[in-house]
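Summary of structural features
Read off the chains here:
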Amino acid sequence: MYTFVKIFFSLPIRIKVILTFLLLFVLGLAAAFLHVKQAEKRIVDQVVSEQVLLTRQLLQVFERQITTRLQNLEQTTFLLSDLSIVQSLFNNDQTEGLVLDSFENVLLKNPATISLKLADLTGETRLEVTPEKSQVYQTSNQESRVSQYDYFPFVKQISMNEVGLFIGDPDEYQDPHLDIVAPVYDGFLPMGYVIQTVSVNGFINDVLRLIGKDGAFLLMMSQRANYLFGEDARLQAGKQSPAFEPAPSSPFKFSQAFPNTWQGIQLLVKGKPDPVWSEHGLYFTVHPLEIEFDNVGLYQSWLLAYFSEEKVLVLAAPQLEGLHTRFIIISIVIVIIACFLSWWMYRHSMMEELSFMAQAAMQSMSPIILLDLNQNIIKVNNECLKVMGMSIRDLCGQRFSSFLNEEDRIAFERMWQQLSCDSSWKGELRFVDAQGRDVEGLFQLFPLESSKSKNQGYVGSWMDIREQKALERRLRSLTITDALTGCKNRRYYDHQVTGLFSNLKRHPDQTFCMALADIDHFKHVNDEFGHDVGDEVLQAFAALLEQETRTLDVVCRVGGEEFAILLPNTQLKDALMVVERVRKMVAAFPLAGHDITCSFGVAESNPATDEDDLYKSADNALYLAKENGRNQVISSSKVVQGTFEPPSSQSAR
Ligand SMILES: Nc1nc2c(ncn2[C@@H]2O[C@H](COP(=O)(O)OP(=O)(O)OP(=O)(O)O)[C@@H](O)[C@H]2O)c(=O)[nH]1
């Protein structure tokens, strides 16, 4: 068992849930089935007990009828025992007619009577009357004084004013019969016996006619149980008992056909609560019929009633039908309960797992923040406190976005408005730590669900990407920066000039200018002082350009000693002023300890042209500046108009 439990708990959750569902389903159905079976049994038992009650009432009626009959017989017997009749019967052969008249009266009162006899004290029949023939047979004076009745020794013990009841043996008689015997006295002197033989079947049928047959079949059985009278034909034909088919030739023995019932009857103690036995699809109940004679012993018969299982089921059918509906309803309820419990178990396990994971997550190396549905911080982990350099009090209860960089705060609030309860979000955010520094993080937000409600809030976790971002920035800067001079390179220039032109397309009034700068005779510097000195001069020249232009302006090294300056939102005349100022400074002060001069070609943007045209214009202007003697600024407009004049800048040096 322990191993089984261990294996069960080691199974994956889905398998556990399926097994639990199946177990609950099977156990539930089994319980429902047992419940219904028990209820079925209760209903059947109730119907059986009702039927038993009814049949026992019939049996009591039957018993009363028999008693009444016996009393009638007794009266009749007394009538027969009239002294004058009996005396004349025994003493005077001439009185036969008188006796017969009385006998015939008795026969009329008892239709089941087969014969009426008068026996002497030895048991020898002296007179016999049969209803069919209505005549008297006088037995011959037999020498033999042997009793012709097996029971005659008992008959002799019947006292005055008593009646004996003897059940005939069906093995000996075709039609089972009952002998009712009463002694005949002359005063106190016993004279003989009057014996009335009654057909048992006739007697019972007569009684049944009186009491009706509805509800049960009645049987009368002798003490030895293998004698069965009454409705036995039905049993023998197997009509009421499909399970029992007696051999057609063999005599019907109740004790053999229904051994259990008979055994029960034998064990039956008088006064016990109403017993009932079921066998071969029949229910039996019994009522003892006791006929006692003083000093003769106990002659006990059984009044047996039975009814079929079929009848019980018919009577119980309406209730059983309701029971089956109940079974279906119970089964459906069980399936629902099994589904619900399995679902609950699954959910509970998942929540446990989730809670375990949450605990583990809270201890993780990543900062974690729990938010309620109003974006208030509920909980943070230690790593979060460490990264933010704050205490729990600083963070908990505060609005999450208040710890974001201003730019990101606006974006996050906009996102929060659109965030539905069950959706998650992922993006880069810049937190502001206790020192006011930006802490860049890759932030993930997902709904926090529990077993009680769908969404209780959100879990936010972020990855500190400060180093990654710094590296990224550095890499990006390297790709757009000239390694020697530190100003922007050609790639950046291309990107910027394209951007300025696309802006110009949208806003033609936002004119910008480009100035190309070139150090004059730079080759001489290299040749005379070495390449390293040349580099230093280039660096100083680039620094000067950066220094003398606006932050908005972009200085790019586009060739060896050639630089391009992009001046956004600048008219040509203003651009010329700027570069002229630079030119003068270069010419006036040594750069890296060397006196050099430089030339500029300046061009203004035109929405009708593109970046290549602009560059070309500036380059042509520069070329003219060089051609014209260097150390001067030439505007592209001069190139176009052909109004080029010898520079006065030469003299400025
Ligand atoms: N030190 C140094 N020299 C460079 C670098 N790039 C280009 N140069 C040199 O710059 C010089 C350019 O010479 P030129 O193109 O003939 O022009 P210039 O001598 O300046 O003459 P003009 O431009 O006609 O006035 C060459 O000698 C190149 O070797 C660099 O990165 N460092």
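Notes on the structure follow. Computed from a predicted structure; not experimentally measured.

Considering the site of the ligand
Around the ligand, the structure places 17 residues, and the nearest of them are Phe522, Asn526, Asp535, Arg557 and Arg630. In this structure, an oxygen atom belonging to the ligand sits 3.1 Å away from a main-chain N or O atom of isoleucine 519. In this structure, an oxygen atom belonging to the ligand sits 2.8 Å away from a main-chain N or O atom of phenylalanine 522. For the ligand, the accessible surface in isolation is 650 Å², of which the surrounding protein chains cover 67%. Sorting the residues of the shell around the ligand by element identifies strand S17 (513-519), helix H16 (522-529) and helix H17 (531-548) as the ones contributing at least two each. If one sorts the elements of the shell around the ligand by residue count, H17 sits on top with 4 residues.

Observations regarding the packing of H17 against helix H18 (residues 572-588)
The interhelical angle for the contact between H17 and H18, taken along N-to-C directions, is 140°, at an axis separation of 10 Å. Taken together, the axes of H17 and H18 lie oblique to each other. Crossing of H17 against H18: the hand is right-handed. Residues Phe541, Leu544, Leu545 and Glu548 of H17 touch H18, and the partners they reach there are Val578, Arg581, Val582, Met585 and Val586.

Points about the packing of aromatic side chains
Throughout the structure, instances matching the rule amount to 17 aromatic pairs. Between the aromatic rings of phenylalanine 21 and phenylalanine 25, the centroid separation amounts to 5.9 Å while the plane-to-plane angle is 15°, which identifies the pairing as stacked. With phenylalanine 21 and phenylalanine 25 both in helix H2 (residues 13-80) and 4 residues apart, the pair spans about one turn of that helix. According to the relative accessible area criterion, phenylalanine 21 is partly exposed, its value standing at 24%. For phenylalanine 25, a relative accessible area of 26% gives the class partly exposed. Taken together, the ring pairs connect Phe400, Phe412, Trp416, Trp425, Phe431, Phe443, Tyr458 and Trp462 into an aromatic cluster. In this arrangement the basic side chain of lysine 488 is found over the ring face of tyrosine 492, its NZ or CZ atom lying 5.3 Å from the centre. For the cation-ring pair, arginine 490 lies above tyrosine 615, with the distance from its terminal atom to the ring centre recorded as 5.1 Å.

Structural notes on H17
In this model H17 runs 26 Å from its N-terminal to its C-terminal C-alpha over 18 residues, within 8% of the 26 Å that 1.5 Å per residue would give. Where H17 is buried, its residues touch S17, H16, strand S18 (554-557), strand S19 (562-567), H18 and strand S20 (598-604).

A closer look at the sheet that holds strand S21 (residues 633-635)
Within the open sheet, the 5 strands sit side by side as S18-S19-S17-S20-S21. Their pairing is mixed. The open sheet has two edge strands, S18 and S21, and neither has a second partner. Taking the axes of each pair of neighbouring strands and ignoring which way they run, one obtains an average angle of 20° across the sheet. The sheet contact formed by S17 and S19 spans 6 bridges and is antiparallel. Bridged to alanine 517 within S19 is phenylalanine 563.

With respect to the pattern of salt bridges
One side chain can pair with another of opposite charge once the charged atoms of both are near each other. Summed over all chains, the structure comprises 20 salt bridges. Between lysine 523 and aspartate 527 there is a salt bridge, and its shortest N-O distance comes to 3.0 Å. Taken together, the positions of lysine 523 and aspartate 527, both in helix H16 and 4 residues apart, correspond to about one turn of that helix. A relative accessible area of 54% places aspartate 527 in the exposed class. Aspartate 574 is paired through a salt bridge with lysine 573; the nearest N and O atoms lie 3.5 Å apart. A relative accessible area of 30% places aspartate 574 in the partly exposed class.

What about the nonpolar core?
Counting 31 residues, the largest nonpolar core has Phe541, Leu545, Phe563, Ile565, Val586 and Phe600 as the members making the most contacts within it. Only S17, H16, H17, S19, H18 and S20 provide two or more residues apiece to this core. Ile369, Leu385, Phe400 and Leu429 belong to the second largest nonpolar core, which has 24 residues in total.

Thoughts on the sheet that holds strand S16 (residues 457-464)
Pairing in this open sheet of 5 strands is antiparallel, and the strands run S13-S12-S16-S15-S14 from one edge to the other. Edge positions in the open sheet fall to strand S13 (377-380) and strand S14 (425-432), since each of these has one partner strand only. Adjacent strand axes in the sheet meet at a mean angle of 30°, parallel and antiparallel pairs treated alike. Here strand S12 (residues 368-371) pairs with S16 via 4 bridges, running antiparallel. Within S16, the residue paired with leucine 370 across the bridge is valine 459.

A word on the pairing of S19
Counting buried residues along S19, 6 of its 6 residues qualify, which places the element largely inside the surrounding structure. Summarising the sheet, S18 and S19 pair through 4 bridges and their orientation is antiparallel. Looking at the pairing, valine 555 lines up with isoleucine 565 of S19.

Looking at unusual backbone geometry
Unlike most non-glycine residues, histidine 280 shows phi in positive territory, near 50°. Along the chain, the position of histidine 280 falls in the loop between strand S9 (277-279) and strand S10 (282-293). Residue classification places histidine 280 among the partly exposed residues on the basis of a relative accessible area of 28%. A positive phi angle is found at alanine 592, which is not glycine, with a value near 55°. Its place among the elements puts alanine 592 in the loop between H18 and S20.

Things to note about the pairing of strand S1 (residues 113-120)
Across the 8 residues that make up S1, a large majority, 7, are buried. In this structure, S1 lies alongside strand S6 (residues 189-199), joined through 7 bridges in antiparallel fashion. Counterpart to lysine 117 in the pairing with S6 is isoleucine 195.

Concerning the side chain of serine 635
Along the chain, serine 635 falls in strand S21. Looking at serine 635, the relative accessible area reads 4%, which means it is buried. A polar contact of 2.6 Å, which involves the side chain of serine 635, links it to the side chain of serine 637. What serine 635 contacts, discounting residues up to four positions off in sequence, is Leu572, Leu576, Val602 and Ala621.

Notes on the environment of cysteine 384
Examined against the element boundaries, cysteine 384 turns out to sit in helix H11 (residues 382-388). Among all residues touching cysteine 384, those that are not within four sequence positions of it are Pro367, Ile368, Ile369, Leu395 and Trp462.

Rules of the game
- Residues numbered from 1 in each chain as written.
- Predicted model: local features only at pLDDT ≥ 70, side-chain atom pairs only at ≥ 80, totals over all residues.
- Heavy atoms only, no water.
- Near = heavy atom within 4 Å.
- Polar contact = N/O pair within 3.5 Å; in protein donor to acceptor, adjacent residues only side chain to side chain.
- Areas by Shrake-Rupley, 256 points an atom, 1.4 Å probe, with all protein chains shown as cover.
- Helix = DSSP H or I, 4+ residues; strand = E, 2+ residues; numbered from the N terminus.
- Axes fitted to C-alpha atoms, helices over the stretch in contact; angles between N-to-C directions.
- Parallel < 35°, antiparallel > 145°, perpendicular 65-115°, else oblique.
- Left-handed = near helix turned anticlockwise from the far one by under 90°.
- Contact = heavy atoms within 4.5 Å.
- Phe/Tyr/Trp six-rings, centres within 6.5 Å; stacked < 30°, edge-to-face > 60°.
- Buried < 20%, exposed > 50% of the residue type's maximum accessible area, 1.4 Å probe, protein only.
- Lys NZ or Arg CZ within 6 Å of the ring centre and 35° of its normal.
- Expected span 1.5 Å × (residues − 1).
- Pairing = 2+ DSSP bridges.
- Salt bridge = Lys/Arg side-chain N within 4 Å of Asp/Glu carboxyl O.
- Core = buried A, V, L, I, M, F, W, Y, C linked by side-chain atoms within 4.5 Å.

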